Amino acid sequence: NRLENVKIGIVPDNLWKKGKQPTESLADDFLILAKESYFNKTDNPDRIAWMLHELAHCKYFYKVGSSEEYEDDREKLAFTDIETETYPNNIIEKYPFTEQFKFLKEQGKTRDQVVEMLKEYYDVKEDFLFFDKLLDKVY
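Now for a look at the structure at hand. (Residues numbered from 1 in each chain as written. Predicted model: local features only at pLDDT ≥ 70, side-chain atom pairs only at ≥ 80, totals over all residues. Heavy atoms only, no water.)

Some points on the packing of helix α5 (residues 111-119) against helix α6 (residues 125-138)
Reasoning step 1: Direction vectors running N to C along α5 and α6 enclose 150°, while the axes themselves pass 12 Å from each other. Between α5 and α6, the angle falls in the class roughly antiparallel. Crossing of α5 against α6: the hand is right-handed. For the pair formed by α5 and α6, the contact residues are Arg111, Val114, Val115, Leu118 and Lys119 on the first element and Phe128, Phe131, Asp132, Leu135 and Asp136 on the second.
Reasoning step 2: Tallied by class, the residues present in the contact of α5 with α6 amount to six nonpolar, no polar and four charged. (Axes fitted to C-alpha atoms, helices over the stretch in contact; angles between N-to-C directions. Helix = DSSP H or I, 4+ residues; strand = E, 2+ residues; numbered from the N terminus. Parallel < 35°, antiparallel > 145°, perpendicular 65-115°, else oblique. Left-handed = near helix turned anticlockwise from the far one by under 90°. Contact = heavy atoms within 4.5 Å. Nonpolar A, V, L, I, M, F, W, Y, C, P; charged D, E, K, R; others polar.)

Okay, here's the thing in structure tokens:
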């Protein structure tokens, strides 16, 4: 029920501004955008896991209840024991990535397969310090 007002928009690839990532959440507007080619892949290995990730952002926004709190959480490190920028190692990314990884595990994906999928969208070594902590909890 909390997600019934979420709208999903499909953006043509030539208009996509998010870079490598295939989806984007504008949680405070309850809007999810997806790159058109993300849905055109006949061999998409993640089976809509990025959409689940973005829905989790909206769910998290609903939980915190305000744009101010949501933005504050964007600036708070999820794990202070690793030296990274606040993206993706922040409070608001921790929940969506965890949900995404749980879904992929339920779909039979191994940890190594999840890491390979992430490499398509992330190439900064420090980002994987964050992902490894979440994957440790899920796997």
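Now that the structure has been shown, the text picks up again.
Concerning the pattern of salt bridges
Reasoning step 1: Under the counting rule described, the total for this entry stands at eight salt bridges.
Reasoning step 2: One salt bridge connects lysine 133 with aspartate 81, and the closest N-O pair in it is separated by 2.9 Å. Highlighted residues: lysine 133 in helix α6 and aspartate 81 in the loop between α3 (67-74) and α4 (91-106), separated in sequence by 52 residues.
Reasoning step 3: Residue classification places lysine 133 among the partly exposed residues on the basis of a relative accessible area of 24%.
Reasoning step 4: Lysine 119 is paired through a salt bridge with glutamate 116; the nearest N and O atoms lie 3.2 Å apart. Of this pair, lysine 119 and glutamate 116 are both found in helix α5, three residues apart, which corresponds to roughly one turn of the helix.
Reasoning step 5: Lysine 119 sits in the partly exposed class, given a relative accessible area of 46%.
Reasoning step 6: Here the salt bridges share partners, and the residues they tie into one network are Arg111, Asp132 and Asp136. (Salt bridge = Lys/Arg side-chain N within 4 Å of Asp/Glu carboxyl O. Buried < 20%, exposed > 50% of the residue type's maximum accessible area, 1.4 Å probe, protein only.)

Some details on the pairing of strand β2 (residues 23-26)
Regular strands place their side chains on alternate faces of the sheet.
Reasoning step 1: Here β2 shows a clear split, with Thr23 and Ser25 buried on one side and none of Glu24 and Leu26 buried on the other.
Reasoning step 2: Of the strand pairs in this sheet, β2 and strand β3 (residues 31-35) are connected by four bridges, and their pairing is antiparallel. Looking at β3, one finds that serine 25 is bridged to isoleucine 32.
Reasoning step 3: Once β2 ends, the chain turns through four residues before running back antiparallel as β3, passing phenylalanine 30 with a positive phi of about 50°. (Pairing = 2+ DSSP bridges.)

Some thoughts on the environment of asparagine 14
Reasoning step 1: As for its position among the elements, asparagine 14 is in the loop between β1 (7-11) and β2.
Reasoning step 2: Linking asparagine 14 and glutamate 36, residues 22 residues apart in sequence, is a C-alpha distance of 9.4 Å.

Concerning α6
Reasoning step 1: The end-to-end C-alpha distance of α6 is 20 Å, a good match for the 20 Å that 14 residues give at a rise of 1.5 Å each.
Reasoning step 2: Within α6 the residues assigned to the buried category are Asp127, Phe128, Phe130, Phe131, Leu134, Leu135 and Val138.
Reasoning step 3: The elements touched by buried residues of α6 are α4 and α5. (Expected span 1.5 Å × (residues − 1).)

Thoughts on the sheet that holds β3
Across a sheet, strands are paired by hydrogen bonds formed along the backbone, either parallel or antiparallel in direction.
Reasoning step 1: Read from one edge to the other, the open sheet built from three strands follows the order β1-β3-β2, with strand pairing classed as mixed. Taken across any chain shown, the strands that pair with only one partner, and hence form the sheet edges, are β1 and β2. Sheet twist, expressed as the average angle between the axes of neighbouring strands with direction ignored, equals 20°.
Reasoning step 2: Where β1 meets β3, five bridges bridge the pair, whose relative direction is parallel. Within the sheet, the bridge partner assigned to isoleucine 10 lies in β3 and is alanine 34.

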